[in-house]
Amino acid sequence: MNSIKSVPARVLSRRGGHSLEAEREQFDKSQAISISKAINTQEAPVKEKHARRIILGTHHEKGAFTFWSYAIGLPLPSSAILSWKFCHVLHKVLRDGHPNVLQDCQRYRSNIRETGDLWGHLHDRYGQLVSIYTRLLLTKISFHAKHPEFPPSLEVSDEVLEKTAGTDVNNIFQLTVELFDYLDCELKLSESVFRQLNTSMAVSQMSAVQCRLAPLIQVIQDCSHLYHYSVKLMFKLHSCLPADTLQGHRDRFHEQFRSLKNFFKKASDMLYFKRLIQIPRLPESPPNFLRASALAEHVKPVVVIPEEAPEDEEPENLIEISTTSTTEPQITSDIFEQTFGPPNGIRDDRDAQIESLKKEVDMLRAEMDKIKLEAQRYITQLKAQVNSLEGEVEEQRKQKQKALVDNEQLRDELERLQRAKQDSDRSQRLCAEAEKKANATEIRYTKLKEKHSELINTHAELLRKNADTAKQLTVTQQSQEEVARVKEQLAFQVEQVKREADMKLEDQSLQMEQLRQELDARRDELEQAQRSLSHVKQAGAELSAQVEALHAEKEVLRRSVSEKECELLSTRGLVEEKELQLSQESDKATREIRDLQGRLLEKSNQEKSLQQKLLDEQFSILQETVREAEDILRDAVAKLDDPLHVRCTSSPDYLLSRAQAALESTDALENGHAQYVASMAADAAGLVGALALFAHLTADTIVNGSATSHLAPTDHADRLTETCRDCGQQSLDYLGKLKDKQTLGCAELGDVRRALRGVLQLAQELRPKSLDIKQEELGDMVEKEMASTSEAIEDAVRRIEEMMSQARSESSGVKLEVNERILNSCTDLMKAIRLLVTTSTNLQKEIVESGRGAATTQEFYAKNSRWTEGLISASKAVGWGATQLVESADRVVLHTGKYEELIVCSHEIAASTAQLVAASKVKAEKSSRNLGRLQECSRNVNEMAANVVASTKSGQEQIEEKDTMDFSGMSLIKLKKEEMETQVKVLELEKRLEGERVRLGELRKQHYALAGAYDAAEDGEAKPAPAPRRGILKKPPLAQKPGRGEPERDAGPCPPHGANI
């Protein structure tokens, strides 16, 4: 405490503006941790300490705003166990949290309902329980919002219940129905939980079973109060309404009574509940509402929570010392620096002192939280004692009811005695005995009143001791404002208990006054009976027996009073133990503060040594990076003279991109170098990363420069090699300056940049400049190629018509029918192809008009040379396919060809038209009408090609002759011989088929190789070649099938985009 007073005034003045914000941030952090630990996907019960922290948080902020702000972010739809534990925590918060929690929960009714509806539709064991639990929570919120006289904990006195019910029968009837509905929801949840446990044959000591059973503790607490209130209201209804009208209420209550009794019996038999809660016992039979005196026999079921739950036996480590050295100091220092800022940018002893003070404040706050928890536990014990006292008062009230019943019996006896007036002598003796009985009864009530006064005094003494304990707690925590608030809360609760006790005492005094008045009235009646009774000897004997019974009851009450005195002595001993424990804990906290101050000094010294060690390690990392970069650059410079590297080639364009990237990396390197030199304590990560990038890019530039020089003219090759060597040497000189601390600050990148610019200039000079002239011819070639394709299709249509006329004149019968069907299908295919080519031409014109802008058509085609060459290749393929189809059809009609040729040509035409459509729609807009027509024409071509294949196959089946297989006249030996010959032919045909398939695969490989060589040549077209380039746009004759690109040309041993290193 003395260290807090020694805080500099400057720091205290700066701290005031942020103390509330830091306290709120600490509160939010603790609540978030408690909520995340209490509500998770582990199938284990919610720990009491986490739930208790959440409940204390609601009292701290007087509401559940923070709880709901974190709860609505939980992924409840992803896990049924998470939703189940959320419902459990919400139930506990509603019962034991601040009264404003109910209003906050009203706003989130829709979230609770959506969670229940979601899991109600899924066939999940926990999901069904979540659906039932959400309905219970919604019913609970609605009931308490409608009847604010009932707190969510359902703890109200009988007077409040009578006041809430009122005198209107309709209100009593409606309130009883709502209590029945409330109790039904509670019992349904308990039945669902036990039903799942019975099907799985679970043991209550398993964590999975305890996860389901834990919420039933709150259910037991609610059910005990709901049962008591239902009994009270049912007796009141039967006193106002006929019994027949309430038959349905009685049946429903009896069913709930059986369910509740069964629930309490099952729970009492489980070991899990025996350690956590004392479950009351219900009577063997439900109350008889038809008999008004049965209300006196009703005993309120009282649920008692033990002083300490088993899971709290191990002390809670509020200050996590094991993790303090690694995580907490960093977080504390970060928060302190964000709040106050380092003075003048320098860390001094005052900062260390401030950090130590904040740690002390945090430890004291944790100690204060611990004291709060102990005070709360002590209050719980006092509440348990108050509950026991209330049970005793209830027992006395029961005795009062019995006395009233005895008075009623005496009245009946007096009425009978009034009719017996025959013997006057006996009447006088009986009068004397009756007077003695009345005196004894008066003495009995007087003694009962005295005992009641003693109980009241005992209760007041307990309250005074509780107030003394609260004062002692307040004295030990005078320096903490939050402990003062705890004192106020305790004083408020004690005052509330005192007021409740005073109210109960006043009620009891009123009841005793009423009893006295009734006793006076009875005495008057007895005096009247003395003048009239004569012969009642037998009745007097009965009265003496009752007096003896009253004496026996008096002995019982005396023993109960002695037991209560023993309990009070034990309670006084517990209070003294608590006081001793508090003093010991305060001494322990003082010792821990001293130990932590010593540790703080050690930590500050270690921090200085670690900071110096960090600077040395950063410089060593920089040196290792520089050495690695030198090795990379030396390896790249060595490639300039490596004979194995001569076969590696590269393009000037790729060299240009590599040199530009290396030149740009020098800016990042210069910035990282400047930052490191400006403050040696700064992080060297920027300089290290920039060095690594610079070394790799520069080495890549040198290697690709060497590879590019292998294909360059001699003069340019020599200059490029020397420039690359100079670039490597300048880079090594710069890295050499970085290795020494004395020359580290004067290292510059001017010479390195000059060398890289020289490489860039030579790469620009080596780029070829003859391709633009060739690309100008692409526009004319597209138009010529499309025109030649249209002419080839027109020529094919004319030749098919000629073949059809020739076939009609030279053939007849089945052959004429087959030839006409094949030629007609070919004619339809040619017409569809012609329409496709026309539509493709229109679409290309539309693409050119929409995309060229102010440029000419030739410039647009030259700009998009790859797309243009794709159109040319597709047009060639379509024209060649049409020519091949006509020639194959001619050979089939003349019986010199094969039907398979027609089928293959049809497939080839379908593939070529698909290539033309794909090439046309690359640059077309999706909303273009010509594109839609082109796709429709493509589908029509595919249908016509399928018709050609179908007509060819059907014609082949009609014309080919099939021999009938008649082997009836052959012998066994001849059949065996024919079978072997057939097997030989089958094997030969299979071998031939396999060979043809291999040949087809090789042809396709060669075709793809030619196309790949064309693509590779186009990608690396800037590469200077030793041999003159051949033209790629010359149209082959229509009788030859073109590839997707030009014929195979010579290729270098290395890829065109980079050197093969």
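Since this is a predicted model, take the numbers as computed values, not measurements.

Some details on the overall build of the protein chain
Next, step 1: Looking only at helices and strands, one finds 33 helices and zero strands in the protein chain.
Next, step 2: Expressed as a percentage of the 1061 residues in the protein chain, the buried residues total 41%.
Next, step 3: A total of about 58,800 Å² of accessible surface is found on the protein chain, and carbon and sulfur atoms cover 52% of it.

Some points on the packing of aromatic side chains
Aromatic ring pairs are reported here in terms of the distance separating the ring centres and the angle at which the planes meet.
Next, step 1: Scanning all chains against the criterion turns up 16 aromatic pairs.
Next, step 2: Ring centres of Phe-263 and Phe-264 lie 5.7 Å apart, and the angle between their planes is 45°; on these two criteria the pair is classed as tilted. Residues Phe-263 and Phe-264 agree in their burial class; the two are buried.
Next, step 3: One aromatic cluster is present, built from ring pairs that chain together Phe-180, Tyr-227, Phe-235, Phe-253, Phe-257 and Phe-289.

Things to note about the packing of helix H6 (residues 80-96) against helix H13 (residues 216-240)
Next, step 1: Packing of H6 against H13 brings their axes to within 10 Å, and their N-to-C directions diverge by 40°. One element, H6, and the other, H13, form an angle in the oblique class. The element H6 and its partner H13 pack so that their crossing is left-handed. Residues His-88, His-91, Lys-92 and Arg-95 of H6 lie in contact with H13, whose contacting residues are Gln-218, Val-219, Gln-221 and Asp-222.
Next, step 2: Considering only residue class, the contact of H6 with H13 consists of one nonpolar, four polar and three charged.

Some remarks on unusual backbone geometry
Next, step 1: Positive phi outside glycine occurs at Lys-62, with the angle close to 60°.
Next, step 2: The phi angle at Leu-154 is positive, at roughly 65°, despite the residue not being glycine.
Next, step 3: Classification of Leu-154 as buried rests on a relative accessible area of 0%.

Focus: the environment of Asp-718
Next, step 1: Structurally, the position occupied by Asp-718 is in helix H24 (residues 714-738).
Next, step 2: With a relative accessible area of 47%, Asp-718 lands in the partly exposed category.
Next, step 3: Taking the C-alpha atoms as reference points, Asp-718 and Ser-706, separated by twelve residues in sequence, lie 9.7 Å from one another.

Some words on a negative patch on the surface
Next, step 1: Among the surface-exposed residues, Glu-435, Asp-524, Glu-525 and Glu-527 lie close enough to one another that they form a single negatively charged patch.
Next, step 2: For the negative patch, the element with the most residues is helix H20 (residues 481-532), which contributes three residues.
Next, step 3: In this structure, Glu-525 sits in helix H20.

Focus: the environment of Ser-920
Next, step 1: Of note, Ser-920 is situated in helix H31 (residues 899-921).
Next, step 2: When its relative accessible area of 0% is taken as the criterion, Ser-920 is described as buried.
Next, step 3: For the pair Ser-920 and Thr-868, spaced 52 residues apart in sequence, the C-alpha separation works out to 9.5 Å.
Next, step 4: Beyond its immediate chain neighbours, meaning those up to four positions away, Ser-920 contacts Ser-840, Leu-843, Gln-844, Ile-847, Leu-871 and Leu-934.

Let's talk about the nonpolar core
Next, step 1: In this structure, Phe-67, Trp-68, Leu-213, Phe-263 and Phe-273 are the most contacted members of the largest nonpolar core, which totals 89 residues.
Next, step 2: Excluding residues within four positions of it along the chain, Trp-68 makes contact with Phe-86, Leu-90, Asp-104, Cys-105, Tyr-108 and Ile-112.
Next, step 3: Of all hydrophobic cores here, the second largest spans 48 residues; its members include Ala-796, Val-818, Val-878 and Ala-945.

Some points on helix H8 (residues 109-120)
Next, step 1: Here H8 contains twelve residues, and its C-alpha end-to-end distance of 16 Å stays within 8% of the 16 Å for a straight helix at 1.5 Å per residue.
Next, step 2: By the burial criterion, the buried members of H8 are Arg-109, Ile-112, Thr-115, Gly-116 and Trp-119. The arc that holds every buried residue of H8, seen down its axis, measures 130°, which confines them to one face.
Next, step 3: Against the buried residues of H8 lie helix H5 (65-71), H6, helix H7 (101-106) and helix H9 (125-146).

A word on the packing of H13 against helix H14 (residues 247-269)
Next, step 1: The geometry of H13 relative to H14 is characterised by a closest axis approach of 11 Å and an angle of 150° between their N-to-C directions. Regarding the angle of H13 to H14, the classification is roughly antiparallel. Remark: the crossing between H13 and H14 carries left-handed chirality. Mapping the contact onto sequence places Leu-216, Val-219, Ile-220, Cys-223, Ser-224, Tyr-227, Ser-230, Val-231, Met-234, Leu-237 and His-238 in H13 and His-249, Arg-250, Phe-253, Phe-257, Leu-260, Phe-263, Phe-264 and Ala-267 in H14.
Next, step 2: Looking at the contact of H13 with H14 residue by residue, the class counts come to 14 nonpolar, four polar and one charged.

Considering the side chain of Gln-196
Next, step 1: Tracing the chain through its elements places Gln-196 in helix H11 (residues 169-200).
Next, step 2: A polar side-chain atom of Gln-196 sits 2.8 Å from the main-chain carbonyl oxygen of Arg-125.
Next, step 3: The residues touching Gln-196, leaving out its near neighbours within four places in the chain, are Arg-125, Leu-129 and Arg-212.

A short note on the pattern of salt bridges
Next, step 1: Counted under the stated rule, the structure contains 28 salt bridges.
Next, step 2: Salt-bridge contacts for Glu-630 lead to Arg-634; the nearest nitrogen and oxygen are separated by 3.6 Å. Placement of both Glu-630 and Arg-634 in helix H21 (residues 537-638) is noted, with a separation of four residues, approximately one turn of the helix.
Next, step 3: Residue class for Glu-630 comes out buried when judged on its relative accessible area of 6%.
Next, step 4: For Arg-939, the salt bridge goes to Glu-936, with nearest N and O atoms at 2.7 Å. Within this pair, Arg-939 and its partner Glu-936 are both found in helix H32 (residues 929-959), separated by three residues, close to a single helical turn.
Next, step 5: Taking relative accessible area as the criterion, Glu-936 reaches 45% and is therefore assigned partly exposed.
Next, step 6: Where salt bridges share partners, they join Glu-630, Asp-631, Arg-634 and Lys-739 into one cluster.

A short note on the confidence of the model for the protein chain
Next, step 1: Averaged over all residues, the pLDDT of the protein chain is 76; the fraction at 70 or higher stands at 79%.
Next, step 2: Per-element averaging of pLDDT across the protein chain places helix H1 (residues 2-5) at the bottom with 34 and H6 at the top with 92.
Next, step 3: Across residues 770-776, where pLDDT falls below 50, the model places seven contacts with residues more than four positions away in sequence or in other chains.
Next, step 4: Long-range and interchain partners of residues 1012-1061, a stretch whose pLDDT sits below 50, account for 96 contacts in this model, where long-range means more than four residues apart.

Analysis parameters
- Residues numbered from 1 in each chain as written.
- Predicted model: local features only at pLDDT ≥ 70, side-chain atom pairs only at ≥ 80, totals over all residues.
- Heavy atoms only, no water.
- Helix = DSSP H or I, 4+ residues; strand = E, 2+ residues; numbered from the N terminus.
- Buried < 20%, exposed > 50% of the residue type's maximum accessible area, 1.4 Å probe, protein only.
- Areas by Shrake-Rupley, 256 points an atom, 1.4 Å probe, with all protein chains shown as cover.
- Phe/Tyr/Trp six-rings, centres within 6.5 Å; stacked < 30°, edge-to-face > 60°.
- Axes fitted to C-alpha atoms, helices over the stretch in contact; angles between N-to-C directions.
- Parallel < 35°, antiparallel > 145°, perpendicular 65-115°, else oblique.
- Left-handed = near helix turned anticlockwise from the far one by under 90°.
- Contact = heavy atoms within 4.5 Å.
- Nonpolar A, V, L, I, M, F, W, Y, C, P; charged D, E, K, R; others polar.
- Patch = residues over 30% accessible without salt bridge, like charges linked within 9 Å, V, L, I, M, F, W, Y side chains within 5 Å.
- Salt bridge = Lys/Arg side-chain N within 4 Å of Asp/Glu carboxyl O.
- Lys, Arg positive; Asp, Glu negative; His and termini not counted.
- Charge placed at Lys NZ, Arg CZ, Asp CG, Glu CD.
- Core = buried A, V, L, I, M, F, W, Y, C linked by side-chain atoms within 4.5 Å.
- Expected span 1.5 Å × (residues − 1).
- Arc of directions from axis to C-beta.
- Polar contact = N/O pair within 3.5 Å; in protein donor to acceptor, adjacent residues only side chain to side chain.
- pLDDT = per-residue confidence, 0-100.

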